Amino acid sequence: MKRLIIFDLDGTLAESKSSVDAEMATLLSALLGVVKVAVISGGAWPQFQQQVLAEFPRDALLNRLSILPTCGTKFYQHDPEWRLLYSEDFSAEEKGKIIHALNQAITTSAFPAHETWGETIEDRGSQITFSALGQQAPLAEKKKWDPDFAKRKKMKELLDQAIPEFSVRLGGATSVDVTKHGIDKAYGIRKLRDTLGIAIDEMIFVGDALFPGGNDYPAKEAGALSIQVRDAHETKRVIETILACLTPREAR
């Protein structure tokens, strides 16, 4: 019996930087009625507030929901309001080194964006994120920039050489996430285990970047049963299947 269902956000519950739609919010709320749920993503806390929490029905069982921003380097629980349990922040020196390496990788990789929308490098405290077209780029433009991850894989190779003391992962539609080594979605999975008292083999992880180098891959490496999805539409079908399996027959 699975006791915790964990989701990535961008590309899994919603399109990049977009809110979950009404159908997804309803399905997630129903899922909270039968099992605990967590969301882990490279996004910062405000992104979760805007994309997920604002769309939930008022009667949603939020005390059964855990939110882990910046690839698990932060952990929020609702009791009775949202509170931060921990945050694995970088030092000022570490931030400077990472940002310098990102700028060098952007230049060396020769994949400059012809137009950007907002900042391309964002300091999220416990994670530094490069977004090739900027934080507010239109989704249509983001989808065209690096659909096969080839550009960002080149950047990852450069960053792995320049800052080997940090972990570099690919996520979202145009982003590269940098965290401390060992603090990624596998770290988040283990924190969920320790905080909620749920064994990893009682968890299911659902994400769109479960390939080696993807920012969902550490969750799979941690031992959670992992389900690869193409997009939010496929995630909805996965949730419906889980609900069918976990909901008692007489309650359906």
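Rules used throughout
- Residues numbered from 1 in each chain as written.
- Predicted model: local features only at pLDDT ≥ 70, side-chain atom pairs only at ≥ 80, totals over all residues.
- Heavy atoms only, no water.
- 1 Å grid on protein atoms, 1.4 Å probe; cavity = no way out; pocket = protein on both sides within 12 Å on 5 of 7 lines; lining within 4 Å.
- Points joined across faces, edges and corners; volume = space filled by probe spheres on them.
- Helix = DSSP H or I, 4+ residues; strand = E, 2+ residues; numbered from the N terminus.
- Nonpolar A, V, L, I, M, F, W, Y, C, P; charged D, E, K, R; others polar.
- Core = buried A, V, L, I, M, F, W, Y, C linked by side-chain atoms within 4.5 Å.
- Buried < 20%, exposed > 50% of the residue type's maximum accessible area, 1.4 Å probe, protein only.
- Contact = heavy atoms within 4.5 Å.
- Axes fitted to C-alpha atoms, helices over the stretch in contact; angles between N-to-C directions.
- Parallel < 35°, antiparallel > 145°, perpendicular 65-115°, else oblique.
- Left-handed = near helix turned anticlockwise from the far one by under 90°.
- Pairing = 2+ DSSP bridges.

## Quick notes on empty space enclosed by the protein
Next up, step 1: Inspection of every chain in the model, using the stated rule, returns one cavity of 30 Å³ or more.
Next up, step 2: Approximately 200 Å³ is the volume attributed to the largest cavity.
Next up, step 3: As for the largest cavity, its lining consists of 24 residues, of which Asp10, Gly171, Gly172, Ala173 and Ser175 are closest to the centre.
Next up, step 4: Only strand S7 (128-131), strand S8 (166-171) and strand S9 (175-180) provide two or more residues apiece to the lining of the largest cavity.
Next up, step 5: Residue composition of the lining of the largest cavity, by class: four nonpolar, 13 polar and seven charged.

## Some details on the layout of surface pockets
Next up, step 1: What the largest pocket holds in volume is close to 420 Å³.
Next up, step 2: What lines the largest pocket is a set of 22 residues, among which Gly11, Gly172, Ala173, Asp208 and Arg230 lie closest to the centre.
Next up, step 3: At the level of elements, helix H4 (139-145) and helix H8 (232-246) are the ones that each hand at least two residues to the lining of the largest pocket.
Next up, step 4: Broken down by element, the residue count for the lining of the largest pocket peaks at three residues, all from H4.
Next up, step 5: When grouped by side-chain class, the residues that make up the lining of the largest pocket number seven nonpolar, five polar and ten charged.
Next up, step 6: Reported here for the second largest pocket is a volume of approximately 210 Å³.
Next up, step 7: Forming the walls of the second largest pocket are Lys17, Ser18, Ser19, Ala44, Pro46, Gln47, Gln50, Gln51, Glu122, Arg124, Gln135 and Gln136.
Next up, step 8: Of all the elements, helix H2 (residues 45-51) adds the most residues to the lining of the second largest pocket, at four residues.
Next up, step 9: Its residues assigned to classes, the lining of the second largest pocket shows two nonpolar, seven polar and three charged.

## Comments concerning the nonpolar core
A general trend in soluble globular proteins is that nonpolar side chains are found buried together.
Next up, step 1: Counting 33 residues, the largest nonpolar core has Phe7, Leu13, Leu31, Leu65, Ile67 and Ile239 as its most contacted members.
Next up, step 2: With residues up to four places along the chain from it excluded, the contact list for Leu65 reads Leu32, Val37, Ala38, Val39, Leu53, Phe56, Tyr76, His78 and Trp82.

## Some details on the packing of helix H3 (residues 92-109) against helix H5 (residues 150-162)
Next up, step 1: Where H3 contacts H5, the axes come no closer than 9 Å and their chain directions differ by 135°. By the angle between their axes, H3 is oblique relative to H5. Judged by the twist between their axes, the crossing of H3 over H5 is right-handed. In contact with Ala101, Leu102, Ala105, Ile106, Thr108 and Ser109 of H3, H5 contributes Lys154, Met155, Leu158, Leu159 and Ala162.
Next up, step 2: Of the residues assigned to the contact of H3 with H5, the class counts are eight nonpolar, two polar and one charged.

## A look at the sheet that holds strand S6 (residues 121-123)
Sheets are built from strands that pair by backbone hydrogen bonding, the pairs being arranged parallel or antiparallel.
Next up, step 1: Ordered in space as S6-S7-S9-S8, the four strands form an open sheet in which the pairing is antiparallel. Of all strands in the sheet, those bounded by a partner on one side alone are S6 and S8. Direction aside, the axes of adjacent strands within the sheet are offset by 20° on average.
Next up, step 2: The strands that H3 touches are S6, S7, S8 and S9; relative to S7, the one it contacts most, it runs at about 20°.

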